[in-house]
Amino acid sequence: MDDAHDTSDGDDEPRDDAHDTRESGRIETRAIHAGQEPDPETGALMTPIYANSTYQQDGPGDHRGYEYSRTGNPTRTDLEANLASLEGGEFGRCFASGMGGINTVLNLLSAGDHVVAGDDVYGGTHRIFTQVYEEYDLEFDFVDTTDHDAVEDAMRDATELVWVETPTNPLMRVNDISALADVAHANDALCVVDNTFATPYLQRPLEHGADIVSHSLTKYLGGHSDVIGGALVTDDPDLDERLGFYQNSVGATPGPFDCFLVLRGTKTLPVRMDRHCENARTLAEWLDDHDAVSEVFYPGLDSHPQHDLAARQMDDFGGMLSFELDGTLEQASTVVEETEVFTLAESLGGVESLIEQPAAMTHAAIPREERIAAGLTDGLIRVSVGIEHADDLRADLQQAIGTALE
Ligand SMILES: *Cc1c(COP(=O)(O)O)cnc(C)c1O
């Protein structure tokens, strides 16, 4: 893993001061230090929670970089720099939620513009596209983004964005970021990748040609199920300036305490992700051999249809997996009710394991036939594998499956 994560410019260049290594070392080092310096006055190690709405000016307009906290706040600045560094990008922008960031990307568009998106994007993304922005005369087409011909066919002169998630929810499809970025760029459209499931520890979309990376910080980056947040990262100064204009104008900015919590979370992202991946792989392999399980959806399994692509594009396969219980909707409901270590809940990416049933919860709004045609069967169970001991997680699923099939 160590070398896979070496995104620095190379070991051949000597690093002569500590600051350089803090900002350009390997991702484990940058996770802890990038964007953050001990306070010069007190030596305080951690970025303070700057609970300020406004800042003293030395003369009218003569300020020290901060005027008003919607526009900028020092705790947020450190988090934005930290996240940009993790994604290998120049510029980061943080938001009050993942949706706040997604909304800000859509603010780049104008009435009449067209967006091509995956047909299995996050439910909230589908909702803001179809129920908010279609009202503002943006147009959306949802296609199978693993089918590049389908994506090309959907492109129009008015297409300004190609919206990609990978891996996707809940079937863990893996999309080829560089191929989709090529299709977008051939049409002068931007390629936006929602990197929430993989995190920058496992996948850095800017390296594969994406223009903007979007995150729900609520998930792995926060990592402790205690904060809602979002972020956008780009390498393009003009794009960043436009995103910054909308960030400030729309005002869905996070408070300093939320930024502090995410800064605390990103420090341990690499060690948490290693354990998430290890536990998910252990469970995926065990479930794959289980008599009561008809299919396991995990990019790390050889049987996964995009396993080779995942192995190329990602440094490891993540902590999310789904499996299909060979049983009824009710039996799958019993499994998710009977687990004791896994908590029955929506969301993902925290240290604790969560379990949910898409057909009865996150995807219940989709009519049954359409849902099943999309692969979201009655017996489908999604788990966010936490960092507890793998043996306890396996025993818990085993007892719950046993009870359900009694
Ligand atoms: C949760 C999530 C979002 C939305 O983020 P919020 O922080 O809940 O607003 C967007 N995309 C993906 C893939 C998510 O899992």
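Just above sits the structure.
Structure report, in brief. (Residues numbered from 1 in each chain as written. Predicted model: local features only at pLDDT ≥ 70, side-chain atom pairs only at ≥ 80, totals over all residues. Heavy atoms only, no water.)

## Details of helix α9 (residues 237-250)
1) Next: Taking 1.5 Å per residue, 14 residues should reach 20 Å; α9 reaches 20 Å between its end C-alpha atoms and fits that length.
2) Next: Those residues of α9 that sit buried are Leu239, Asp240, Leu243, Gly244 and Gln247. Along the long axis of α9, the arc covered by the buried residues comes to 135 degrees, so they all point the same way. Away from its buried face by more than 90 degrees, α9 exposes Asp238, Glu241 and Phe245.
3) Next: The secondary structure elements touched by the buried residues of α9 are α3 (74-86), β1 (91-95), α4 (98-106), β5 (190-194), β6 (212-216) and β7 (230-234).
4) Next: Put simply, Asp236 is the residue that caps the front of α9, since its side-chain oxygen is 2.8 Å from the backbone nitrogen of Asp238.
5) Next: A positive phi of about 85 degrees marks Gly251, the residue just after α9. (Helix = DSSP H or I, 4+ residues; strand = E, 2+ residues; numbered from the N terminus. Expected span 1.5 Å × (residues − 1). Buried < 20%, exposed > 50% of the residue type's maximum accessible area, 1.4 Å probe, protein only. Arc of directions from axis to C-beta. Contact = heavy atoms within 4.5 Å. Polar contact = N/O pair within 3.5 Å; in protein donor to acceptor, adjacent residues only side chain to side chain.)

## Regarding the site of the ligand
1) Next: Around the ligand sit Ser97, Gly98, Met99, Ile102, Tyr122, Asp194, Thr196, Phe197, Ser216, Thr218, Lys219 and Gly229, and that is every residue in its neighbourhood.
2) Next: Ser216 has a polar side-chain atom sitting 2.8 Å from an oxygen atom of the ligand.
3) Next: A distance of 2.7 Å separates an oxygen atom of the ligand from a polar side-chain atom of Lys219.
4) Next: Within the complex, 92% of the 380 Å² of free accessible area of the ligand lies under protein.
5) Next: Put simply, the ligand lies in the largest pocket.
6) Next: Ranked by residues supplied to the shell around the ligand, first place goes to α4 with 3 residues. (Near = heavy atom within 4 Å. Areas by Shrake-Rupley, 256 points an atom, 1.4 Å probe, with all protein chains shown as cover. 1 Å grid on protein atoms, 1.4 Å probe; cavity = no way out; pocket = protein on both sides within 12 Å on 5 of 7 lines; lining within 4 Å. Sits in = over half its atoms within 2 Å of the grid points.)

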